[in-house]
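So the chains spell out like this:
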Amino acid sequence: MAGVSSESLKAALAEVEPKLPTAPLSLANELFGTLEALDGSAGLRRALTDPSRSAEEKSGLIRGLLAGKVSADAEQIVSSLAASRWADSRDIGDALETIAATVAIAVAESKGAAAGGGASGLEALENDLFAFNTVVGASHELQRALVEPAAAPQQKAELARKLVPSAGEEAQLLIRQAVVAPRGVKPAKLVERFAELAAKRQERWIATVEVTRPLTDEQQSRLQAGLNSLYGRELKVNTVVDPELIGGIRVKVGDEVVDASMLTKLGELRRKLAG
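Criteria and thresholds
Residues numbered from 1 in each chain as written. Predicted model: local features only at pLDDT ≥ 70, side-chain atom pairs only at ≥ 80, totals over all residues. Heavy atoms only, no water. Helix = DSSP H or I, 4+ residues; strand = E, 2+ residues; numbered from the N terminus. Buried < 20%, exposed > 50% of the residue type's maximum accessible area, 1.4 Å probe, protein only. Contact = heavy atoms within 4.5 Å. Areas by Shrake-Rupley, 256 points an atom, 1.4 Å probe, with all protein chains shown as cover. Lys, Arg positive; Asp, Glu negative; His and termini not counted. Charge placed at Lys NZ, Arg CZ, Asp CG, Glu CD. Pairing = 2+ DSSP bridges. Axes fitted to C-alpha atoms, helices over the stretch in contact; angles between N-to-C directions. pLDDT = per-residue confidence, 0-100. Salt bridge = Lys/Arg side-chain N within 4 Å of Asp/Glu carboxyl O. Core = buried A, V, L, I, M, F, W, Y, C linked by side-chain atoms within 4.5 Å.

Asks: Could you give an account of the overall build of the chain, naming the residues involved and the relevant values?
Replies: For the chain, the count of helices and strands is 13 helices and 4 strands. Projected onto the principal axes, the alpha-carbon positions of the chain cover approximately 65 × 50 × 35 Å. Looking at the chain as a whole, 41% of its 275 residues are labelled buried. In the chain, of all internal contacts separated by at least 6 residues, the share reaching a separation of at least 24 is 66%. Summed over all atoms, the accessible surface of the chain reaches about 14500 Å², with 55% contributed by carbon and sulfur. Each charge class in the chain was averaged separately, 33 positive and 37 negative side chains, and the resulting centres sit 3 Å apart.

Asks: Account for the sheet that holds strand E4 (residues 256–259), with residues named and values stated.
Replies: Pairing is mixed across the open sheet formed by 4 strands, whose spatial order is E2-E1-E3-E4. Every other strand in the sheet has two partners, leaving strand E2 (236–241) and E4 as the edge strands with one partner each. If you compare each strand with its neighbour and ignore which way they point, the axes differ by 15° on average. For strand E1 (residues 206–211) and strand E3 (residues 249–253), the ladder comprises 5 bridges, and the chain directions are antiparallel. Residue pairing in the sheet places Glu-210 in a bridge with Arg-250 of E3. Seen against the sheet, helix H12 (residues 217–231) touches E1, E2, E3 and E4 and runs at an angle of roughly 130° to E2.

Asks: Give me the lowdown on the confidence of the model for the chain, citing residues and values where you can.
Replies: Predicted confidence across the chain gives a mean pLDDT of 92, with 95% of residues reaching 70 or more. Of all helices and strands in the chain, the one with the weakest mean pLDDT is helix H13 (residues 262–274) (66), whereas helix H10 (residues 169–180) scores best (98).

Asks: Describe the side chain of Ser-79, naming the residues involved and giving the relevant values.
Replies: One can find Ser-79 in helix H5 (residues 72–83). If near-sequence neighbours (up to four positions away) are discounted, Ser-79 is found in contact with Ser-59, Ile-62 and Arg-63.

Asks: Just give me the short version of the pattern of salt bridges, but keep the residues and values in it.
Replies: Summed over all chains, the structure comprises 22 salt bridges. Residue Glu-17 is joined to Arg-201 by a salt bridge in which the shortest nitrogen-to-oxygen separation is 2.8 Å. Of this pair, Glu-17 sits in the loop between helix H1 (3–16) and helix H2 (25–39) while Arg-201 is found in helix H11 (residues 187–202), placing the two residues 184 residues apart along the sequence. The class for Glu-17 is partly exposed, based on a relative accessible area of 28%.

Asks: Describe the nonpolar core, with residues and values.
Replies: Core analysis: the biggest nonpolar cluster contains 58 residues, and Leu-31, Phe-132 and Leu-174 have the highest contact counts within it. Examining the composition of this core, we find that 12 residues originate from one element, helix H6 (residues 91–114), more than from any other. Those residues in contact with Leu-31 that sit more than four places away from it in its chain are Ala-74, Ile-77, Val-78, Leu-96, Ile-99, Ala-100 and Val-103. Within the second largest apolar cluster, 10 residues are counted, among which are Val-209, Val-211, Leu-223 and Leu-235.

Next up, the structure:
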């Protein structure tokens, strides 16, 4: 996914983010169910990605289809996707799959946070997904069974559940989705993609801090407390000494970079002088 579709997905994820700390797993279920309906209707996909239709018209179409059938949050998320611009009719389905998986991943994250560490919930989810792929990867028979066209979706789902019976419910949902609706890829490949999304979200719990010289224990404690307060969660802080910064500090948490280094300030000054 690239170009306008990529931007639409990025905006949709930003819009969904505030809902994630309290989102129930049922929301992910509803979004995956809506994806099934979307994948089953080429006409609907074309209507929702038709550039000649207004955003309001496309959003209204989805609200009419989903009203009373899903939660208000699910309806809002899908209608917002419908109102966005997509380069290809498949892209809206890919985006919905990503958002549904992100909701399930965030539920695991929230459970970990409630137990004392959000990253631990994500680690457990990744381990469950990895365990499934390890079992499947070791057996050609299982691989064939999970893509057998004649097998009913429920049979595949039950087989997948038996392969990792101790997996958490979030992992079970993602694995089930991968074997029941792989959407043109092998189930293990889709599970791998879900694991990558979980790993990406786990980066939000890790702060990489670049400084010009080693910090004292007191400075490290103040830094930890300040970052935890700033981000509202208990971060794992990795400190890297980089003398080339000249002075100041650079902090990276997930995709966010806070750069207060002297080098950056000098660079900005040079650009202003050159301009």
